[in-house]
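# Residue-level structure breakdown
If you want the building blocks of each chain, they are given just below.
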Amino acid sequence: MKLADLVRELELEVLAGPDLEREVTGGYASDLLSLVMARAKAGQLWITLQGHQNIVAVAVLLELAGVIVAGGIEPDQETRKKAEEEGINLLASSLPVFELAGRLYQLGVRGIDHA
Amino acid sequence: MGDMAEQAIILEFSLQGQDFIRAGEASTEIKQRLKKLGFRPDVVRRVAIVAYEAEMNVIIHARKGSLRIEITPRRILIRTLDEGPGITDIEQAMQEGYSTASDMIRELGFGAGMGLPNIRRFADEFKLQSRVGEGTLLEATIHAD
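Per-chain numbering applies: the sequence of each chain, read as written, is numbered from 1 onward. All chains are assigned letters beginning at A, and all ligands numbers beginning at 1, according to the order in which they are written. In keeping with the model being predicted, local features are shown solely for residues with a pLDDT of at least 70 and side-chain atom pairs are shown and tallied solely at 80 or more, while totals for entire chains, interfaces and linings include all residues. Processing note: side-chain calculations cover all non-hydrogen atoms of the structure and skip hydrogens and water entirely.

A word on the sheet that holds strand E5 (residues 135–143) of chain B. All names here are of chain B. The strand order across the open sheet formed by 5 strands is E1-E2-E3-E5-E4, and the pairing between neighbours is antiparallel. Only two strands of the sheet have a single partner each, and these edge strands are strand E1 (9–16) and strand E4 (125–131). Along the sheet, successive strands turn relative to each other by an average axial angle of 10 degrees, direction set aside. As paired elements, E1 and strand E2 (residues 64–71) share 8 bridges and run antiparallel to each other. Bridge assignment links Ser14 to a residue of E2, and that residue is Ser66. A pair of strands is labelled paired if DSSP reports no fewer than 2 bridges between them. A helix here means a DSSP run of H or I that spans at least four residues, while a strand means a run of E at least two residues long, and both kinds are numbered starting from the N terminus. Between N-to-C directions, angles cover 0 to 180 degrees, with each direction set by a line fitted to C-alpha atoms, over the stretch in contact for helices.

The biggest cluster of nonpolar side chains holds 72 residues, and the ones touching the most others in it are Trp46 of chain A together with Ile30, Val47, Tyr52, Ile76 and Phe110 of chain B. Here, residues are in contact when the closest pair of their heavy atoms is within 4.5 Å. Non-local contacts of Trp46 of chain A, meaning those with residues more than four positions away in its chain, are made with Tyr28, Ala29, Ser30, Leu33, Val36, Ile55, Val58, Leu64, Gly66, Val67 and Ile68 of chain A. Here the nonpolar core consists of buried residues drawn from Ala, Val, Leu, Ile, Met, Phe, Trp, Tyr and Cys, with membership extended through side-chain atoms lying within 4.5 Å. Buried residues are those whose accessible area, probed at 1.4 Å on protein chains only, stays under 20% of the maximum for their type, while exposed residues exceed 50% and partly exposed ones sit between those limits.

Below, the discussion takes up the pairing of strand E4 (residues 66–69) of chain A. Residues and elements named next belong to chain A. Burial of the side chains of E4 extends over both faces: Gly66 and Ile68 are buried on one face and Val67 and Val69 on the other. Relative to E4, strand E3 (residues 44–48) is paired through 4 bridges, and the arrangement is parallel. Bridge pairing in E4 places Leu45 opposite Gly66. Remark: the E3/helix H3 (residues 54–62)/E4 crossover connection has right-handed handedness. Looking down the strands as they point away from the viewer, one classifies a crossover as right-handed if the path from the first strand across the helix to the second runs clockwise. Handedness of the crossover joining E4 and strand E5 (residues 90–92) through helix H4 (residues 77–86) is recorded here as right-handed.

Checked against the element boundaries, Gln32 of chain B lands in helix H1 (residues 25–37). Residues Gln32 of chain B and Glu70 of chain B, 38 residues apart in the sequence, show an inter-C-alpha distance of 15 Å.

Another aspect to go through is the packing of aromatic side chains. Working definition: a ring pair exists when centres of Phe, Tyr or Trp rings (six-membered ring for Trp) sit within 6.5 Å. Plane angles under 30 degrees give stacked, over 60 give edge-to-face, the rest tilted. Applying the stated criterion to the full structure yields 1 aromatic pair over all chains. A positively charged side chain is recorded as over a ring if its NZ (Lys) or CZ (Arg) lies within 6 Å of the ring centre. The angle to the ring normal must also be within 35 degrees. Looking at Arg110 of chain A, its charged tip hangs above the ring of Tyr105 of chain A, at a distance of 3.8 Å from the centre.

Taken by themselves, the reported measurements are silent on function.
Laid out in structure tokens, this is it:
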């Protein structure tokens, strides 16, 4: 599924959208950056409550399809700027992490390849 | 990688403790370089994880330090050397979930006690030396073949 379709379906706010045509191959949710580094895979969409700019470096290093900052948290201005510069899709949602993950799952986004 | 010279490519970055604004820049540059050189995606991913965790450890815990990477077609050596508090008990520091990071740093999602375990897990060779009150030397090697 393309990220643009998920943005529309879930009414995500696009804070930086340099590549919304990117294919989303799965999802991952965590606020611990080292866990994300170890477990999230290229092409996945990452849900987090962290809104500071270090999430962008993690997304770049892992080649994630995008980051959704959930729970109505407003990412820092620097985070938006950095996401744009680094070509990372940065989205926001007022939905809590659990609800957002559930809806993504309903739309066909999986956390584990063979689930 | 047929066109890569026999001699190693060396990149060196200086790191500043508590600089969370530039955090991750060195690792990102290293990753882009490896991709351009044509290393396999799984090798690039492992180097990116190890370099990032090593870089963050210096930024989180030390006053300052350096990140050096030595790239040859068959292996990539990542080394950080820092001036900082050092590690009192290396065995304890290697345990998942153990961290001495402050609450402020934990709130940012760092300090989960996963950094060193991640480095050991994703590297093929791993060496850690530390002197309390002076600093820490970390070396991790990833085999590319």
